[in-house]
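Observations on the model geometry
What follows is each chain in one-letter form.
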Amino acid sequence: GQQLNQSPQSMFIQEGEDVSMNCTSSSIFNTWLWYKQDPGEGPVLLIALYKAGELTSNGRLTAQFGITRKDSFLNISASIPSDVGIYFCAGQPAAGNMLTFGGGTRLMVKP
Amino acid sequence: NAGVTQTPKFRVLKTGQSMTLLCAQDMNHEYMYWYRQDPGMGLRLIHYSVGEGTTAKGEVPDGYNVSRLKKQNFLLGLESAAPSQTSVYFCASGLSEVTDTQYFGPGTRLTVL
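Residues numbered from 1 in each chain as written. Chains lettered and ligands numbered in written order. Predicted model: local features only at pLDDT ≥ 70, side-chain atom pairs only at ≥ 80, totals over all residues. Heavy atoms only, no water.

At the interface, 19 residues of chain A touch 17 residues of chain B. Between chain A and chain B lies a buried interface of about 1400 Å² when both sides are counted; carbon and sulfur atoms form 66% of it. The largest contributions to the chain A side of the interface with chain B come from Pro43(A), Met98(A) and Phe101(A), which together make up 37% of the buried area. Between chain A and chain B we count 0 salt bridges in total. Put simply, the parts of the chain that give the side of chain A that touches chain B at least two residues each are β4 (31–37), β5 (43–49) and β9 (85–92) of chain A. (Contact = heavy atoms within 4.5 Å. Buried area = accessible area lost by both parts, 1.4 Å probe. Salt bridge = Lys/Arg side-chain N within 4 Å of Asp/Glu carboxyl O. Helix = DSSP H or I, 4+ residues; strand = E, 2+ residues; numbered from the N terminus.)

Have a look at this one:
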């Protein structure tokens, strides 16, 4: 199946720092989604992107749909302790296809 | 409004035993999904359903069966559990398109000895 490479695999940062993570694929995706999973819970949708070049914000989170349609980026500004968790990218390669998930970026924030 | 619920939360099985995981949603969603989550591999789709009475295979369907007899319930069965099926299983539901927000349950942690 489709492969999504998510990096970094983990990050340990100081509270207040900005965070960047990305997701890449060798093939084109029509839709990119970013989910967050808190410890012991299921993932929750953060941001959805539907057009190449699209830049969307949700509070301190900003995500972009790469212009090549093969990548997406998520930035978190001024991190706080509750940002801790695993962030997953997910993509839909073509209309009607199921989502493919990346391996996740585990974020740890030091107060 | 409970959202998506899963039972049980934890289970330990011996190799060869069978079990059924239950997923229920009260949001009147058409689509329901079963995923498994393994370390470093993200979520992989096992089976999904686009409506009551329908099921389809996902990326990793082998060793699992599903049923959607009622719109609100999606059952995942393991007929003969194997250690490779040790994982955390998540159910999700969504309105009517794959890219509609998928609402996830809290997960079931399954260990097969």
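This part covers the environment of Ala81(B). Residues and elements named next belong to chain B. Tracing the sequence through the fold places Ala 81 in the loop between β8 (73–78) and β9 (87–94). With a relative accessible area of 2%, Ala 81 lands in the buried category. Considered as a pair, Ala 81 and Thr 101 are 20 residues apart in the sequence and their alpha carbons are 31 Å apart. (Buried < 20%, exposed > 50% of the residue type's maximum accessible area, 1.4 Å probe, protein only.)

Let's shift gears to the nonpolar core. Residue and element names in this part refer to chain A. Trp 34, Leu 74 and Leu 107 are the most contacted members of the largest nonpolar core, which totals 21 residues. The set of elements that each furnish at least two residues to this core consists of β2 (10–14), β3 (19–24), β4, β5, β7 (61–65), β8 (71–76), β9 and β11 (105–110). Setting aside chain neighbours within four positions, we find Leu 74 in contact with Val 19, Ser 20, Met 21, Trp 34, Ile 47, Leu 61, Thr 62, Ala 63 and Tyr 87. With 20 residues, the next largest nonpolar core counts Leu 33, Tyr 35, Ile 86 and Ala 90 among its residues. (Core = buried A, V, L, I, M, F, W, Y, C linked by side-chain atoms within 4.5 Å.)

Our next topic: the sheet that holds strand β1 (residues 4–7) of chain B. Residues and elements named next belong to chain B. With respect to topology, 4 strands assemble into an open sheet ordered β1-β3-β8-β7, the strand pairing being antiparallel. Both edges of this open sheet fall to β1 and β7 (65–67), since each of them pairs with a single strand only. Pairs of neighbouring strands in the sheet enclose a mean axial angle of 20 degrees, with direction left out of account. As paired elements, strand β3 (residues 19–25) and β8 share 6 bridges and run antiparallel to each other. (Pairing = 2+ DSSP bridges. Axes fitted to C-alpha atoms, helices over the stretch in contact; angles between N-to-C directions.)

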